[in-house]
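Single-letter residue listing:
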Amino acid sequence: MAGQTRMLFRHVDEPGLASIETYRRLGGYGALTRALKEIEPEELLSTLEDSGLRGRGGAGFSMGKKASFLPRGDMDKFLCCNADESEPGAFKDRELMWKNPHQLIEGVIISAIAAGAGWAFIFIRGEYAEVADVLERAVDEAYAAGYVGENILDTGHRVELVVHRGAGAYICGEETALLDALEGKRGNPRLKPPFPAIQGLYGGPTLINNVETLSNVPHVVQNGAEWFKSFGTEQSPGTKVVSVSGCVQRPGNYEVELGIPSREIIFGLAGGPPEGHEVKAWFPGGSSAPVLTADELDLPYSFEAMADAGSMLGSGSIIVADENVSIPHLALRTARFYHHESCGKCTPCREGTNWTVKMLERVISGEATPMDLDVISSVQDNIIGHCLCVLGDSMAMPVGSMVAKFRDEFEAAIQAGRDAAPRPLDESPTDVKPVPLEASA
Amino acid sequence: MNRSPDQGALGDRSSGGAGREAEDLSGWTPEIRPTDEMSAAERRRLVASMRPEDAEPVPELTEVAVPDELRERIEAAMAKYPEIRSASLPALWAVQRHYGWCTPEGMRQAAAVMGVTPAYLESVATFYDLFHTSPVGRHRILVCHNLSCWLRGAEDVLDAFSEAAGVNADEVDHIGASSDDGEVYLRGFECMGACDIAPMASIDERYYGPLTPDDARTAIDQLRSGADPVPDRALAGRQTAGGPEPEPDPRVKEGES
């Protein structure tokens, strides 16, 4: 299908790609050999930095720069691969790991060597049990082949790799909560600074990267930074696996060059909404991203263009809502999710998500007044930037954007609710009779 | 974590507490945890009875009968990490696989193997949605009701599952519920990362979708009769979206040579 540029997804449906033989036959582990035998670790780091590879987990921070923040020296350092993909709408890492686990393992080992980490962990969400099984088999194969463990390919490098299964908590995708979960605790986020690069897992310097970011690493190392920059835009080099879901005809993962028009992804690749329907709103980067409208479909799909439009590329997950979808209900669904997943550590998030859900329920049931919409907006403003992590912000941004962009619809919902269940003041509550004064004495 | 009871106590045993003298608690056995059925007085007594110095210390491994299989699994997990405490999630998974849910006794056994307090493992277990700290039905069905699945009819699928399993749909939506025959545990769940097959469900840790209400009813019948549920809806083996492998970009091709 036109529009796709498959780099990470090359040979994705090749039978047996998850096995080490097939992966090697297609050139796999060539980058690791090159990284170990032809390149110095410092040069590896500069290649990653020069490539401009940006984190694919949500924040879009330069991967090489992040790795370079780790202090030099021979203290214990760690690498964590964040495979706790839980953002509503995101399912790219699942397919990347399931179909091509060795690509990730190769990227993890190269990155660990570049960062000087002797231990690497892949933190995979507990729901992905099938994927974790595939990944564990692949790790065993890599150990047996000498690509991981003591003395990798007889070069003296040592990297131990452990697959760690989570147990169902969205918050563990937040990097410091992930570290706590990996240390065997409740997954609560930590105060930053110190950042994980300085003090992370077990108090040691830790590099944390997303599955897709690390899966890019073998390609960058094999072909060089300049080659990688020939894909995508200047500020967003490379390809991106975009998960498209919701009201589209062909939901799924599509790998595209960053910077192609969003319309091409939603309509060209995913088929757009079914015949006779149209796009009303869409999340460009998972449910945490402020929603965009049909007028914004021609924006290029890149980190910078989405940021300029007041939203974000996030994890690269597009959720499409068509004209039949009620935006207040969409807002409530979104808020309910973050309310459920809030770990409760910070007050603005714990209380803010709770009250947002309650107020949106009032909007829908017709018990709200238009003034409540201003209260909802102000609650969102009071969450953003006031917590240890961005979970609360992740609700505040989309809900705030929905109220701002579709205010008419919220007002109409309030009015409709009132029309359906009129409750004049003088009749309510009906069953309470005034108590005579003498009776109460 | 490896605290002895003396070090770990928040207060000194001898100092007592003013609140404790107010009521004689001897001979009263508290419930394990507060329940909605408890009266305010019972709750007050329960809280007053919870003294840090009474918390169970690290159980002695010699005094706890741990099934060999469980012990081996937990010890294997402990050996995998640079620090033993990291094994608490794998240990709880092992307990849940062994007993069907995280039983208090199972957690105590795991605590003995790991050298931590049972309360510590329980505090971890209660944080995570996939650990059950009360008994649940044999087959576990998690039905996604987050955005992408909701947009494609997850509500109807969840209702059909609830009806077929014979459990209260509202309970399912919020905290999960098990059928009376103990065969099915059903829960409305948040996004499980399979929006490409929306509306979807995870049945005994395997993904299925897209599901219709009919599929939901069929799946429940099949589970009850011991058959594989809706095999043609399994995610395993599904091809990547976007059709067959397109002609590779010349740059990608060049990179491979």
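Residues numbered from 1 in each chain as written. Chains lettered and ligands numbered in written order. Predicted model: local features only at pLDDT ≥ 70, side-chain atom pairs only at ≥ 80, totals over all residues.

A. Seen up close, helix α9 (residues 154–165) of chain B. Residue and element names in this part refer to chain B. For α9, with 12 residues, the first-to-last C-alpha span of 16 Å sits near the 16 Å given by 1.5 Å per residue. If you check which residues of α9 are buried, you get A154, V157, L158, A160, F161, S162, A164 and A165. Those residues of α9 that are buried lie in contact with β1 (139–144), α8 (147–151), α10 (169–174), β3 (184–189) and α11 (213–224). (Helix = DSSP H or I, 4+ residues; strand = E, 2+ residues; numbered from the N terminus. Expected span 1.5 Å × (residues − 1). Buried ≥ 20, exposed ≤ 12 C-beta atoms within 10 Å, placed from the backbone. Contact = placed C-beta atoms within 7 Å.)

B. Fine view of the interface of chain B and chain A. Each partner contributes to the interface: chain B provides 48 residues, whereas chain A provides 65 residues. Counting only elements with at least two residues in the side of chain B that touches chain A, the list comes to α5 (88–99), α7 (118–125), α8, β5 (206–208) and α12 (250–256) of chain B. When grouped by side-chain class, the residues that make up the side of chain B that touches chain A number 24 nonpolar, 12 polar and 12 charged. (Nonpolar A, V, L, I, M, F, W, Y, C, P; charged D, E, K, R; others polar.)

C. Focus on the nonpolar core. C81, V108, I265 and W282 of chain A together with L92, F161 and M200 of chain B are the most contacted members of the largest nonpolar core, which totals 205 residues. When residues of this core are assigned to their parent elements, the largest contribution, nine residues, is made by helix α6 (residues 101–115) of chain A. For W282 of chain A, the residues in contact, after removing those within four places along its chain, are I266, V291, L292, I318, I319, V320 and A321 of chain A. (Core = buried A, V, L, I, M, F, W, Y, C linked by C-beta atoms within 7 Å.)

D. Here's a closer look at the domain arrangement of chain B. Here chain B is described as being made up of domain 1 (65–125) and domain 2 (139–233). Here the C-alpha centroids of domain 1 of chain B and domain 2 of chain B sit 29 Å apart. (Domains from an automatic or database assignment.)

E. Representation of the domain arrangement of chain A. Residue and element names in this part refer to chain A. For chain A, the domain assignment lists domain 1 (20–229), domain 2 (239–322) and domain 3 (327–420). A straight line from the C-alpha centre of domain 1 to that of domain 3 covers 36 Å. Each side of the interface is counted separately: domain 1 has 10 residues, and domain 3 has seven residues. Split by residue class, the side of domain 1 that touches domain 3 holds six nonpolar, two polar and two charged.

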